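# Observations on chain architecture
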Amino acid sequence: MSKSLILILLAIFSLSSTQAQQLYNSKKKRKNYFGKKENPNDKVRPFGLQVQLGPTYTFTNRKNETFSTQDSASRNFNYTHDPKGKLGVFAEIGFVHFNMKDPKYKFGRIIDYIDYGVGFKLYGGRETTTIDILDSVGSIATTATGEGEFYNGYAHARFAVHKIQYLNKTKNIFLDHSLGLNADLMVLIGNKDYKAPVLANTQRFDDPLSIKLHYDIGFGIRLKKGQYLVPGVQLPLIGIHAWDKGNPSINWYSSKYYPALFHVKYIYLFKAKKSKNQCYEGDAAGKKQNEEYMQNR
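This report concerns the structure included in the present document. (Residues numbered from 1 in each chain as written. Predicted model: local features only at pLDDT ≥ 70, side-chain atom pairs only at ≥ 80, totals over all residues. Heavy atoms only, no water.)

### Some thoughts on the pattern of salt bridges
Here the structure, examined in full by the defined rule, presents 9 salt bridges. Residue Glu149 is joined to Lys86 by a salt bridge in which the shortest nitrogen-to-oxygen separation is 2.8 Å. Linking Glu149 in strand β5 (residues 140–166) with Lys86 in strand β3 (residues 76–97), this pair joins segments that are 63 residues apart in sequence. Accessibility expressed as a relative area gives 38% for Glu149, which makes it partly exposed. The salt bridge partner of Glu92 is Arg158, with a shortest N-O separation of 2.7 Å. (Salt bridge = Lys/Arg side-chain N within 4 Å of Asp/Glu carboxyl O. Helix = DSSP H or I, 4+ residues; strand = E, 2+ residues; numbered from the N terminus. Buried < 20%, exposed > 50% of the residue type's maximum accessible area, 1.4 Å probe, protein only.)

### Section: the packing of aromatic side chains
Taken as a whole, this structure holds 16 aromatic pairs when the rule is applied. When the ring of Tyr57 is compared with that of Phe59, the centres are 5.0 Å apart and the planes differ by 75°; the resulting orientation is edge-to-face. Since its relative accessible area comes to 26%, Tyr57 is described here as partly exposed. Look at Phe205 and Tyr253: their rings are 6.0 Å apart centre to centre, the planes differ by 80°, and that puts the pair in the edge-to-face class. Taken together, the residues Phe205 in the loop between β6 (173–188) and β7 (209–224) and Tyr253 in the loop between β9 (250–252) and β10 (255–271) connect sequence positions 48 residues apart. (Phe/Tyr/Trp six-rings, centres within 6.5 Å; stacked < 30°, edge-to-face > 60°.)

### Points about the pairing of strand β8 (residues 227–241)
Across 11 bridges, β7 lies against β8 in antiparallel orientation. Following the sheet pairing, Leu213 is matched in β8 by Ile238. In textbook terms, the turn of a hairpin is the stretch between consecutive antiparallel strands, and for β7 and β8 this stretch comprises 2 residues, one of which, Gly226, has a positive phi near 80°. Pairing between β8 and β10: 8 bridges, direction antiparallel. Residue pairing across strands places Leu229 opposite Tyr266, the latter belonging to β10. (Pairing = 2+ DSSP bridges.)

### Side note on a nonpolar patch on the surface
Where nonpolar side chains cluster on the molecular surface, the patch consists of Val89, Phe120, Leu185, Val187, Leu188 and Leu209 and spans about 490 Å² of accessible area. The element contributing the most residues to the nonpolar patch is β6, with 3 residues. Residue position: Leu185 is located in strand β6. Take Leu185: its relative accessible area is 42%, and that puts it in the partly exposed class. (Patch = residues over 30% accessible without salt bridge, like charges linked within 9 Å, V, L, I, M, F, W, Y side chains within 5 Å. Areas by Shrake-Rupley, 256 points an atom, 1.4 Å probe, with all protein chains shown as cover.)

### Thoughts on the pairing of β3
Here strand β1 (residues 44–59) pairs with β3 via 11 bridges, running antiparallel. Pairing of Pro55 across the sheet is with Val89, part of β3. Of the pairings in the sheet, the one linking strand β2 (residues 66–70) to β3 comprises 5 bridges and is antiparallel in character. Residue pairing in the sheet places Gln70 in a bridge with Asn76 of β3. Sheet analysis places β3 next to strand β4 (residues 113–134), joined by 18 bridges and oriented antiparallel. By the bridge assignment, Lys86 is partnered in β4 with Gly124.

The structure is reproduced here in structure tokens:
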């Protein structure tokens, strides 16, 4: 991902966070930030469950560089690391909160909803190391190849803020943009063994805990009142911990693997509470129509 795109997304996130914080600090009650209580005539409440499932994949740099060095026996050799991504899996369950308050700005609501959850993700990769030992005139005398393959399993916690961009007048199709934080704890440590030959001095393995800022974009479909399906992709933007100049890639063996998470998210809003004597009156248009009918009886 280009640096310019990352800077643009960070600027949007910083602006939204600052304005949302000012909005929150200017009020004392939770309802003044998250909005009023749900419409008593609504069939669903503004919060509910969210469940996500999907595959993962690790992208790698396809431009494999060849390096030259010398071993302890003063032999010259060239070596190349060739990483490749692998498919994995992802699952999450958590909560979602709509009904965010409209701010006092002309451009409308900053945050349409928030969601958070816990889950499990599996990332994998494979690396091949090719070593060409050179003779006294610089020609290849012999070639050896080593290989390693791994899968890392992470328990994760995630929090994100979302902005919805509707694509039609009925508002049942939309783009879902979000920025969030995820903390991943490696609970299944991948294979660190390597089929010889191996250049141990070039290898690096990630810490068990990682914290990253991510961007998520999805294509949302409203199935019916209070139920949504959002296929999408989540990409890490900045690695916060362990710090590696902000690089969010997974370091394993002698290569970097950029993780991507593809998901289908299902949102289910809880049904509205109502008393035994209360009946559903519908939305504003339905309520008005009902009143006109009662008056003309």
